[in-house]
Amino acid sequence: MNKLTLEQAAAALAKGELTAVQLTAAALAQIADERGEGARAFTQVYGEWAQRQAQAADRRRAEGKPLSALDGVPVSVKDLFDVAGQTTAAGSRVLAAAPKAERHAAIVERLLQAGAVVIGKTGMTEFAYSGLGINPHYGTPANPWDRAARRIPGGSSSGAAVAVADGMCLGAIGSDTGGSVRIPAAFCGLTGFKPTARRINDGGLLPLSPSLDSIGVIAHRVADCIALDALIAGGPLRPQPKTLEQARFAVPQTLVLDELQPQVAEAFQQALRRLAQAGAQIEPIPLAELAELAAINAAGGFTALESWRWHRALIAERADDYDPRVLSRIRRGQPLGEQDLQQLRQQRADWQQRVAAAVQGFDALLMPTAPLVAPTVAELEASEEAYFRCNALALRNPSIINFLDGCALSLPCQRPGAAPIGLMLAGLPMRDEALLGWALAAERCLAGA
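Reading the values: the criteria
Residues numbered from 1 in each chain as written. Predicted model: local features only at pLDDT ≥ 70, side-chain atom pairs only at ≥ 80, totals over all residues. Heavy atoms only, no water. UniProt positions renumbered as here; feature names shortened; annotations may be inferred. Helix = DSSP H or I, 4+ residues; strand = E, 2+ residues; numbered from the N terminus. Pairing = 2+ DSSP bridges. Axes fitted to C-alpha atoms, helices over the stretch in contact; angles between N-to-C directions. Contact = heavy atoms within 4.5 Å. 1 Å grid on protein atoms, 1.4 Å probe; cavity = no way out; pocket = protein on both sides within 12 Å on 5 of 7 lines; lining within 4 Å. Points joined across faces, edges and corners; volume = space filled by probe spheres on them. Nonpolar A, V, L, I, M, F, W, Y, C, P; charged D, E, K, R; others polar. Parallel < 35°, antiparallel > 145°, perpendicular 65-115°, else oblique. Core = buried A, V, L, I, M, F, W, Y, C linked by side-chain atoms within 4.5 Å. Buried < 20%, exposed > 50% of the residue type's maximum accessible area, 1.4 Å probe, protein only.

## A few points about the UniProt feature "domain: Amidase" (unreviewed entry) in the protein chain
Then, number 1: Mapped onto the present numbering, the UniProt feature "domain: Amidase" (unreviewed entry) falls on residues 36-436.
Then, number 2: With 38% helix and 14% strand, the stretch residues 36-436 has end C-alpha atoms that lie 33 Å from each other.

Dropping the structure here:
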């Protein structure tokens, strides 16, 4: 099943070539395989419930009454979405004994209403506060690339990406506050879509930073992301067919191309060449506004301020139970108050307005999703300096789009057999439909179609 895309599975179900029970059994077997990463990719597996969901989906199809095209397709949800009757631990031991959720998160409810089989909750960086995916409490699932070396999967939606890559589900719902969907997608050779945040109901989401949080999806292909987004958004986006001869893309020259590892620089430039050869107009632009972000967020920004407000009572009681590397970042918000929040909001609004004006005439921004390939878990666990440097680099480019409140998608752009590398296409707020149209065209080009 690990080579089957969401779209292919939906087609096979519609034709009667596969059943939901078969798909679900294959996914559960992959999770349970002791040779694999299931024990680290999932924090909760809903074996019996998933089987009942699959049986109900097959009955509906037999009656000619599927709830959606994805009725019966196994999907996962990140461990910060409420599932009724289950504890939402958010990758932490601090909440392991918290009260069980009384109702499903809004996106879980939408998945179930569409007949998708919710197979389990995927692991994550504790409280979503890192782009690396390392979790000292539940273990870190190994990246599917160069698995023997046990490289990081990227985070914070680490289990989501590994689950999709290894066929433990066909699509995954994650969250993205500064790249937490796009970074693991890029590191694991998958496609990750971060929509404009306001498009998705975040009810039942344990927050990191409400000002920046968005709910996104990870799958194999752009079409899969579009289909999954349609379920959780409660309405489908219908991107119009586009040809790259019509495209006008911008490549920012400030910040996003700094410190690229050679493999990333090579893959990115090759992707740009292929898009240009297909007719896309690609223009370098200064976008000097990106250089302002370090100063705006110097004290920790929205993530530190808002996470401290949520966590301060828990930290007072249970600080020793936190991942120290997460705790140190949350504590940066302790000295920040309401005046700091208002200043951040004003600076952000002004910055957004100027950036929007600078990129208004372009169909998308292009940049590497992350400037590095996935390092090993061991080297980051062994060094505080390496951990925080790698984390800052991984988050740097994707977090720009969260601050912009925009939409973005990461596409694989590496050579066959090479380390996974992501190409990010990004757009202004509520330009999701157009952006996905360009992403489909770019995907076809990079795949050689």
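Back to the text.
## Some points on the sheet that holds strand β10 (residues 407-412)
Then, number 1: The eleven strands lie next to each other as β1-β3-β2-β4-β6-β5-β10-β11-β9-β7-β8, forming an open sheet whose pairing is mixed. Looking at strand neighbours, the two that pair on one side only are β1 (42-45) and β8 (281-285), the edges of this open sheet. Strand-to-strand, the axes of this sheet are offset by a mean angle of 25°, without reference to chain direction.
Then, number 2: The pairing of strand β9 (residues 364-368) with strand β11 (residues 422-427) spans four bridges and is antiparallel. Bridge assignment links L366 to a residue of β11, and that residue is L425.
Then, number 3: Sitting on the sheet, helix α4 (residues 47-62) is in contact with β1 and β3 (117-122), with an inclination near 155° to β3.

## Considering empty space enclosed by the protein
Then, number 1: Evaluated as defined, the whole model comprises one cavity of 30 Å³ or more.
Then, number 2: Each pocket or cavity is described by its volume, and for the largest cavity that value is around 50 Å³.
Then, number 3: In terms of lining residues, the largest cavity is bounded by R40, T43, G91, G123, M124, G133, N135, Y138, G139, P141 and S158.
Then, number 4: Its residues assigned to classes, the lining of the largest cavity shows three nonpolar, seven polar and one charged.

## Some thoughts on the environment of A418
Then, number 1: Mapped onto the secondary structure, A418 falls in the loop between β10 and β11.
Then, number 2: In the structure, A418 is positioned 190 residues away from L228 in sequence and 28 Å away in space, judged by C-alpha atoms.

## Side note on the packing of helix α5 (residues 106-113) against helix α8 (residues 222-233)
Then, number 1: Look at α5 against α8: their axes get within 7 Å of each other, and the N-to-C directions meet at 110°. The pairing of α5 with α8 is recorded here as roughly perpendicular in orientation. Contacts between α5 and α8 involve I107, R110 and L111 from the first element and L228, L231, I232 and A233 from the second.
Then, number 2: When grouped by side-chain class, the residues that make up the contact of α5 with α8 number six nonpolar, no polar and one charged.

## Considering the nonpolar core
Then, number 1: Ranked by size, the top nonpolar core spans 111 residues in total, and within it V77, F81, I107, L111 and I173 carry the most contacts.
Then, number 2: Sort the elements by how many residues they give to this core and helix α16 (residues 432-446) lands first, with eight residues.
Then, number 3: Not counting residues up to four positions away in its chain, the partners in contact with L111 are V75, V77, A116, V118, I173, L228, L231 and I232.
Then, number 4: The next biggest cluster of nonpolar side chains, apart from the first, holds 28 residues, and it includes L212, L290, A356 and A408.

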